[in-house]
Amino acid sequence: MMRGVSMVKAMRIVLLCVSVLWIFPEECAGKSNFSRNSSSSTASPPLSQTPNSVNVGALFTYDSFIGRAAKPAFKAAMDDVNADQTVLKGTKLNIVYQDSNCSGFIGTMGALQLMETQVVAAIGPQSSSIAHMISYVANELHVPLLSFAATDPTLSSLQYPYFLRTTQNDHFQMHAVADLVSYSGWRQVIAIFVDDECGRNGVSVLGDALAKKRARISHKAAITPGADATSIKDLLVSVNLMASRVYVVHVNPDSGLNVFSVAKSLGMMGSGYVWISTDWLPTVLDSMGAVDMETMGLLQGVVAFRHYTAESDAKRRFMERWRNLRPKEGLNSYALYAYDSVWLIARALDVFFRENNKVTFSNDPNLHKTNSSSLRLSALSVFNEGERFLEIILGMNHTGVTGPIRFDSERNRVNPAYEVLNIEGTGPRRVGYWSNHSGLSVVPPETLYSKPPNTSTANQRLYGIIWPGEVTKPPRGWVFPNNGKPLKIAVPNRVSYKDYVSKDKNPPGVRGYCIDVFEAAIELLPYPVPRNYILYGDGKKNPSYDNLINEVVADNFDVAVGDITIVTNRTRFVDFTQPFIESGLVVVAPVKEAKSSPWSFLKPFTIEMWAVTGAFFLFVGAIVWILEHRFNHEFRGPPRRQLITIFWFSFSTMFFSHRENTVSSLGRLVLIIWLFVVLIINSSYTASLTSILTVQQLTSRIEGIDSLITSNEPIGVQDGTFARNYLVNELNISPHRIVPLRDEEHYLSALQLGPKAGGVAAIVDELPYIEVLLTNSNCKYRTVGQEFTRTGWGFAFQRDSPLAVDMSTAILQLSEEGELEKIHRKWLNYKHECSMQIQNSETSQLSLKSFWGLFLICGITCFIALTLFFWRVFWQYQRLLPDTGDEERASEVTEGSRSGRGLRAPSFKELVKIVDKREAEIKEILKQKSSNKLKSSQSGAGSSHSQHSEIP
């Protein structure tokens, strides 16, 4: 209720302005056949349930590119609806026209005159500015307002519930522009727009869309509606002085070409410029019946977006009909939306009447309170069934000449899509499409709707575009104009490590390694970069690098050049280039020479390595004894002698001085493999021991960052760097332990004094500084532990600065060509280098990890040899079992069955005896047994022959 009252107040203000002109409203063709209630607030009953005719209003500017196409489209749609017997049977559709004349004032008057004719819906207006005003009227009178051309994104359903858009929302078009900007790699654009609701609100959405792509609008250039060529020229001259060369033009179709005409005269349509136009430009070009070569000459290289309507039989039939209706004029997309708007209302009315709804109007009591005024507001009636009719319209789902007509929850047309056009030669050429389903693509959007949405960067694609100046490669999109301001470069005014960056009396006022790298990269850029170096700091102590970054963020400087570390919290506010030198935090501590130990000969191997090596010596000795015991007399004798032999043979192989010869094949195989293992172990031990005894061994009571954290001793850091914040915030070291140091002299003095005398236990600083420090200290100090952060130094530019990308490319080129190394040798060529890190004796010990493969091979060889050996022994044992005759075996079986015992089982004791026998004895026994068996078989055969001969 309160909202209605506020709307009425707004109406009163507007109507007060037009009271003189609107005493006698103009009568329009096609008025309603309904009687008008002038005094009663109750609904007037209709003459019949289905009226003979209904009125629909149409509000637009007749003399405009959109209006000249919309009016014949309205008339054609009305004729088609009235001729179609399947829609609105018995009810005639009348369209009441009003000319808004490109004026918000006259447009509001026309809207009120339309409402006086008791229209059930209004189509229009084409102007977003007028749509904002008359939407309040539509809300109050419950008349659905369907606009075929008002694309302002802020015409929302929440504020204007009776406003409905049958064309596309500029919200989607601006996201399409942002996708094109991101696809081409640009970071900044200049928006040129008409200063009205549609222009301002569209550019606002463009800024939000670009922000999601890490781009931005660097400048908003507003054109006054109806501005002349002089005003446009002044505006373009001012934007041409800026760095960005990407222009997005969002203006009205009727005056938009003036922008390009002036830009052409200023030389702004040549190489290096980028012009992106919204749908207004294709509307102008499509409305032209014939190609205007003069106009095409203004637009060469421009990229524009046009509403995409899928090809269909209905669209082709309408286009053929249009050629007959308007042979000298072209067909723009707004004519198609106007045609579909009429059909949408007609089909919705058909559903409305099929539900047995009635069309009734009543007077608003709030309007009757103004009867004493000459404004005659009582002539305006409320459409009683307007809310239900609006619901039916929102629920419609059919296909028109523009494609499927369906609305989402925010009352926008579903599946918004645009064609991407490149104007070249004699007209526009389509280079792709855009849809909110797939982003930029080269296939029609309707072919992708069946697939899952995919708007990823890798999925974006367009055909080749010819840019202004007939350039096929996307322009860089920005320049340093000749009359532009030079770069303000902040350089830290250091008091230490001046080889990296420092003040200089000669131009450009600074010098050092970092300055030379920056200048070398600048020289590789394909454009001049005017620049001024400005020292940052008082020169008494190193400045805070975090504060320096904040100055860049605050736009006090354009770039910071120096030994600036790339850390996470800084990258959130500025853009760094590619690192030009590696860096990282290390710990520096005093060291001393390690004292020699009488047990140094044990250091080459770890305890595990010693244990496994010793065990394998005994193991291999035992294996060789087993394999040689039956063959070799040197491995036989009393048990004490054999045990001594095992130990002697095992450890004598360490020096290859074993005196026992191996006789068996298996023993020789095992020994060969073992000697190879011993050779590797001996060589490794000798090399490691030599290194330990000959190389200088340095030790420090600080072993690295971990031991430094656990202690309570003071830690030195360089003043102004990020090291202090890292130790306190990341490693939770107490700030009271941190001691800021000014320069190298303070470093060396603090380390020499030590924590007990007011110095520090160690220093934490970046690796490039430490390299200089160790060289200047004659290698009295060393780094301990590992480098515990890995970063680099880069140049810090303002967020989204395109120069940062080009400088990164230049730094990579310097690295590939070896120029970075040359600059490094020029400034950081140390007279004598120190071994950076002390070696921990434990880390240099040889462990089992390096030799387990050798031990594995040796173990497998021993296992195979033992397996073959015992298989042979068992085979010999089976052959040595006593053989008896058949009768003896039978008697044994009988006795065995009586006594409950089976055949004679092998005895382990007998097996051990066989193992202990000499191989020669075993062979002799087997030979005798074979001979006896032969004799036995021969004697048995002879006795059998004599018995046969005695038989008569």
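Residues numbered from 1 in each chain as written. Predicted model: local features only at pLDDT ≥ 70, side-chain atom pairs only at ≥ 80, totals over all residues. Heavy atoms only, no water.

The name given to the protein chain in an unreviewed UniProt entry is Glutamate receptor, and the organism recorded there is Brassica rapa subsp. trilocularis. In its Sequence similarities (unreviewed entry) section, the UniProt entry covering the protein chain states "Belongs to the glutamate-gated ion channel (TC 1.A.10.1) family." Taken directly from UniProt, the Function (unreviewed entry) text for the protein chain runs: "Glutamate-gated receptor that probably acts as non-selective cation channel." (UniProt positions renumbered as here; feature names shortened; annotations may be inferred.)

Re helix α26 (residues 819-827)
Among all positions in α26, only L820, I823 and W827 are buried. Each buried residue of α26 sits inside an arc of 65° when the element is viewed along its axis, so together they form one side. Where α26 is buried, its residues contact β20 (510-511), α15 (513-524) and α25 (802-816). (Buried < 20%, exposed > 50% of the residue type's maximum accessible area, 1.4 Å probe, protein only. Helix = DSSP H or I, 4+ residues; strand = E, 2+ residues; numbered from the N terminus. Arc of directions from axis to C-beta. Contact = heavy atoms within 4.5 Å.)

Details of the nonpolar core
Among soluble globular proteins, nonpolar side chains are generally buried collectively. Counting 76 residues, the largest nonpolar core has F74, L93, F148, L349 and F389 as its most contacted members. Among the elements that take part in this core, helix α12 (residues 333-354) stands out by supplying 15 residues, more than any other. Not counting chain neighbours up to four residues away, the residues in contact with L349 comprise V54, L88, L93, V120 and F389. Counting residues in each nonpolar core, the second largest holds 51 residues, with F480, Y747, W793 and L814 among its members. (Core = buried A, V, L, I, M, F, W, Y, C linked by side-chain atoms within 4.5 Å.)

Considering the state of the cysteines
Here the structure, examined in full by the defined rule, presents zero disulfides. C858 carries a free sulfur, and the closest cysteine sulfur to it, the one in C862, is 4.3 Å from it. Classification of C858 as buried rests on a relative accessible area of 1%. (Disulfide = S-S within 2.5 Å.)

Describing the sheet that holds strand β21 (residues 531-536)
Taking strand neighbours across the sheet as the criterion, the five strands line up as β21-β18-β22-β33-β23 in an open arrangement whose pairing is mixed. Each edge of the open sheet is held by one strand with a lone partner, namely β21 and β23 (574-576). Pairing geometry for strand β18 (residues 487-492) and β21, over six bridges, is parallel. Its bridge partner lying in β21, P492 is registered against Y536. Running at roughly 160° to β21, α15 makes contact with β18, β21 and β33 (796-798) of the sheet. Relative to β33, α25 is tilted by about 150°, and along the sheet it contacts β18, β23 and β33. (Pairing = 2+ DSSP bridges. Axes fitted to C-alpha atoms, helices over the stretch in contact; angles between N-to-C directions.)

Focus on the pattern of salt bridges
Scanning all chains against the criterion turns up 28 salt bridges. D179 is paired through a salt bridge with K213; the nearest N and O atoms lie 3.1 Å apart. With D179 in helix α5 (residues 170-184) and K213 in the loop between α6 (197-212) and β7 (216-223), the pair connects residues that are 34 residues apart, well separated along the chain. For D179, a relative accessible area of 14% puts it in the buried group. Look at K213 and you get partly exposed, because its relative accessible area is 35%. Two residues, E419 and R306, come together in a salt bridge whose shortest N-O distance is 3.1 Å. Here E419 is found in strand β15 (residues 417-424), whereas its partner R306 is found in strand β10 (residues 303-307), with 113 residues between them in sequence. For the pair formed by E419 and R306, the shared burial category is buried. (Salt bridge = Lys/Arg side-chain N within 4 Å of Asp/Glu carboxyl O.)

A short note on helix α8 (residues 257-265)
For the α-helix, the turn length of 3.6 residues means that residues three or four positions removed from each other point alike. Of all the positions in α8, only L257, V259, F260, V262 and A263 are classed as buried. Those residues of α8 that are buried lie in contact with β7, α7 (229-240), β8 (246-250), β9 (274-277), α9 (280-287) and α10 (293-298). Downstream of α8 by a residue or two, G267 has a phi angle that is positive, lying close to 75°.

Brief notes about the sheet that holds strand β1 (residues 53-60)
One open sheet holds the five strands; their spatial order is β2-β1-β3-β4-β5, and the pairing between them is parallel. Looking at which strands have only one partner, the edges of the open sheet turn out to be β2 (92-99) and β5 (163-165). Sheet twist, expressed as the mean angle between neighbouring strand axes with direction ignored, is 25°. Bridge analysis of β1 against β2 gives eight bridges, and the strand direction is parallel. Note that in β2 the partner of A58 across the bridge is Y97. Strands β1, β4 (145-147) and β5 of the sheet are contacted by helix α4 (residues 128-141), whose axis makes an angle of about 160° with β4.

Observations regarding a nonpolar patch on the surface
On the surface, a nonpolar cluster with roughly 650 Å² of combined accessible area is contributed by W852, L856, I860, F863, I864 and L868. For F863, the location among the structural elements is in helix α27 (residues 852-880). Residue classification places F863 among the exposed residues on the basis of a relative accessible area of 59%. (Patch = residues over 30% accessible without salt bridge, like charges linked within 9 Å, V, L, I, M, F, W, Y side chains within 5 Å. Areas by Shrake-Rupley, 256 points an atom, 1.4 Å probe, with all protein chains shown as cover.)

What to know about the pairing of strand β25 (residues 585-590)
β25 sits mainly inside the fold: five of its six residues count as buried. Sheet topology places β25 next to strand β30 (residues 762-766); four bridges connect them, and they run antiparallel. Bridge pairing links L585 to E766 in β30. Note: β25 against strand β31 (residues 781-784), four bridges, orientation antiparallel. Across the sheet, the residue bridging to V588 is T783, located in β31.

Here we look at the packing of aromatic side chains
All chains considered together, the criterion is met by 42 aromatic pairs. Where F518 meets F795, the ring centres are 5.1 Å apart and the plane angle is 85°; that geometry is what we call edge-to-face. With a gap of 277 residues between them, F518 in helix α15 and F795 in the loop between β32 (791-793) and β33 connect regions that are remote in the sequence. Taken individually, F518 and F795 each receive the classification buried, so the pair is uniform in this respect. Measuring from centroid to centroid gives 4.8 Å for F616 and F855, while their planes differ by 40°, and the two rings are tilted. (Phe/Tyr/Trp six-rings, centres within 6.5 Å; stacked < 30°, edge-to-face > 60°.)

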